[in-house]
Amino acid sequence: MKNSALKGALGALAVVGVALIAKKAIQRKRFIKGIFDEYGIKEKSPFGLADKIREMNDEDYQELKGKFKKEFHSRCCKKKDNTCEA
């Protein structure tokens with residue numbers, strides 16, 4: 001019975017971790033749904049997005065690319081100019 005408090009604490013920590021992961025997934029899903037709505041993409045799949053990208057001009061594509069970079073950039077990179085290289 002010594003470890004029951006430890007098990008309870010670890011269980012609570014696991015629940016918090018799952019909640020944080022679920023929150024982040026919901027935020028990203030909302031972002032993607034907003035992109036589909038903004039650009040009028042009817043097919044809600046990566047293929048529909050790819051078809052729309054093929055139809056875009058360079059200016060629109062760079063704008064969309066910037067939105068994705070802003071939303072999905074890695075926070076582990078710590079550079080002076082706040083950019084990451086793949």
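It should be emphasised that the depicted structure is a prediction, and the values quoted were computed from it without experimental measurement.

Asks: Could you clarify how one ought to interpret the overall build of the chain in this entry?
Replies: Looking only at helices and strands, the chain has three helices and zero strands in total. Start at the N end of the chain and walk to the C end: the helices and strands fall as α-α-α. In the chain, which comprises 86 residues, the share counted as buried stands at 13%.

Asks: Looking at this structure, I do not really get the pattern of salt bridges. What am I missing?
Replies: A pair can form between side chains of opposite charge whenever their charged atoms are brought close. Under the defined criterion, the tally for this structure stands at four salt bridges. The salt bridge involving K67 is made with E38; its shortest N-O contact spans 2.4 Å. On the criterion of sequence distance, the pair formed by K67 in helix α3 (residues 58-72) and E38 in helix α1 (residues 4-38) is long-range, its members being 29 residues apart. Judged by its relative accessible area of 48%, E38 is partly exposed.

Asks: Just checking my understanding: could you explain the nonpolar core for this structure?
Replies: Burial of nonpolar side chains together is a common tendency in soluble globular proteins. Within the largest apolar cluster, nine residues are counted, these being F31, I35, F36, Y39, I41, L49, M56, L64 and F68. Within the residue set of this core, elements represented by two or more residues are α1 and α3. The greatest single-element share of this core, amounting to three residues, is contributed by α1. Ignoring any residue separated from it by four or fewer positions in sequence, one finds I35 in contact with L49, L64, K67 and F68.

Asks: How should I be thinking about the packing of α1 against α3 in this particular structure?
Replies: To describe two helices that pack against each other, one gives the angle between their axes and the distance between the axes. The interhelical angle for the contact between α1 and α3, taken along N-to-C directions, is 170°, at an axis separation of 11 Å. Considering their axes alone, α1 and α3 lie roughly antiparallel with respect to each other. Residues Q27, R28, F31, I32, I35 and E38 of α1 lie in contact with α3, whose contacting residues are E63, L64, K67, F68, E71 and F72. For the contact of α1 with α3, the residue count by class is six nonpolar, one polar and five charged.

Asks: Could you clarify how one ought to interpret the packing of aromatic side chains in this entry?
Replies: Ring pairs (aromatic) are described by centroid distance and by the angle formed between their planes. Taken as a whole and assessed by the stated rule, the structure comprises three aromatic pairs. Both rings, one in F31 and one in F68, keep their centres 5.5 Å apart while their planes meet at 90°; by these two values the pair is edge-to-face. Here the residue F31 occupies a position in helix α1, and F68 occupies one in helix α3, the gap between them amounting to 37 residues. Comparing F31 with F68, the two get one shared label, buried. Relative to F72, the ring of F68 has its centre 5.9 Å away and its plane inclined at 20°; by these criteria the two rings are stacked. Taken together, the positions of F68 and F72, both in helix α3 and four residues apart, correspond to about one turn of that helix. What links up through ring pairs into an aromatic cluster is the set F31, F68 and F72.

Parameters and conventions
- Residues numbered from 1 in each chain as written.
- Predicted model: local features only at pLDDT ≥ 70, side-chain atom pairs only at ≥ 80, totals over all residues.
- Heavy atoms only, no water.
- Helix = DSSP H or I, 4+ residues; strand = E, 2+ residues; numbered from the N terminus.
- Buried < 20%, exposed > 50% of the residue type's maximum accessible area, 1.4 Å probe, protein only.
- Salt bridge = Lys/Arg side-chain N within 4 Å of Asp/Glu carboxyl O.
- Core = buried A, V, L, I, M, F, W, Y, C linked by side-chain atoms within 4.5 Å.
- Contact = heavy atoms within 4.5 Å.
- Axes fitted to C-alpha atoms, helices over the stretch in contact; angles between N-to-C directions.
- Parallel < 35°, antiparallel > 145°, perpendicular 65-115°, else oblique.
- Nonpolar A, V, L, I, M, F, W, Y, C, P; charged D, E, K, R; others polar.
- Phe/Tyr/Trp six-rings, centres within 6.5 Å; stacked < 30°, edge-to-face > 60°.

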